[in-house]
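Structural overview for review
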Amino acid sequence: MSKTYIIKNVRLCFPYLFRKAVFEGEETKFEAMFILDKPKGEHKKPQAQIQKAVDALVADVLGGTPPKARYMAWKDDSLRNTMENNRPEYEGFQTLKAGNKSRPVVVDQNGQPVTEEDAIFFAGCRVDVKIEPWASSKSKYRPVGFNLLAVVFRPAAEDQEDAQPFGSGNVSFDEAMKGFDIAEEEDDIMGDFGDDED
């Protein structure tokens, strides 16, 4: 294994941590997108370290020739608009995508393994992530990418806006159940259809 890197306090997006993503009906790999601060923010140091490692891979593995495949790191708004659909939650930030054919280690803030049923990870939550940069000269696209090795959940305050679920479809239990009369009897639901006429 080559050198690994930890990026702390990033935002999780499109998480496929417990089952593989599916593309055009085919399973691909475990993966996620991670949203980082602006280039001069909290993640400036790990970004510089990882970029140095990537530059070394390009030199050593690809002979100094830039990869032909899409490079899934440090994307800003202009590059995302050119290469793929941008999203509101990415605006003003940089993103890094990592994946793995093997399931990554996924733990809570205490280092305890979690399962999908524990439901503590969601798109928009804060995490720490461990990645491994790689490059390949075997493909005509000569890609550079990142293996996803481990993800650690970071708890956030309930009112921390930049750690809330993405989208507007999240409602409380009470809001979701509003309008249902769960005490209603089955006979009432069937109405007159349950009665036979003589």
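Scroll up to find the structure this text is about.
Reading guide: rules and limits
- Residues numbered from 1 in each chain as written.
- Predicted model: local features only at pLDDT ≥ 70, side-chain atom pairs only at ≥ 80, totals over all residues.
- Heavy atoms only, no water.
- Salt bridge = Lys/Arg side-chain N within 4 Å of Asp/Glu carboxyl O.
- Helix = DSSP H or I, 4+ residues; strand = E, 2+ residues; numbered from the N terminus.
- Buried < 20%, exposed > 50% of the residue type's maximum accessible area, 1.4 Å probe, protein only.
- Pairing = 2+ DSSP bridges.

Quick notes on the pattern of salt bridges
In this structure the tally under the stated criterion is four salt bridges. Notably, a salt bridge pairs glutamate 31 with lysine 97, separated by 3.8 Å at the nearest N-O pair. Taken as a pair, glutamate 31 in strand 4 (residues 30-36) and lysine 97 in strand 6 (residues 94-100) lie far apart in primary sequence, 66 residues in all. Exposure remark for lysine 97: the relative accessible area of 29% places this residue in the partly exposed category. Aspartate 128 is paired through a salt bridge with arginine 154; the nearest N and O atoms lie 3.0 Å apart. On the criterion of sequence distance, the pair formed by aspartate 128 in strand 8 (residues 126-135) and arginine 154 in strand 9 (residues 144-154) is long-range, its members being 26 residues apart. Given the relative accessible area of 30%, arginine 154 is considered partly exposed.

Describing unusual backbone geometry
Even without being a glycine, phenylalanine 14 presents a positive backbone phi close to 45 degrees. Inspection of the secondary structure assignment puts phenylalanine 14 in strand 1 (residues 5-16). On the basis of relative accessibility, which here comes to 39%, the residue phenylalanine 14 falls in the partly exposed class. Of note in this structure, arginine 142 is not a glycine but carries a positive phi near 45 degrees.

With respect to the pairing of strand 1
In this sheet, strand 8 lies alongside strand 1 in antiparallel orientation, the contact comprising five bridges. Of the residues in strand 8, the one forming a bridge with valine 10 is valine 127. Bridge analysis of strand 1 against strand 4 gives four bridges, and the strand direction is antiparallel. The residue of strand 4 that forms the bridge with arginine 11 is isoleucine 35.

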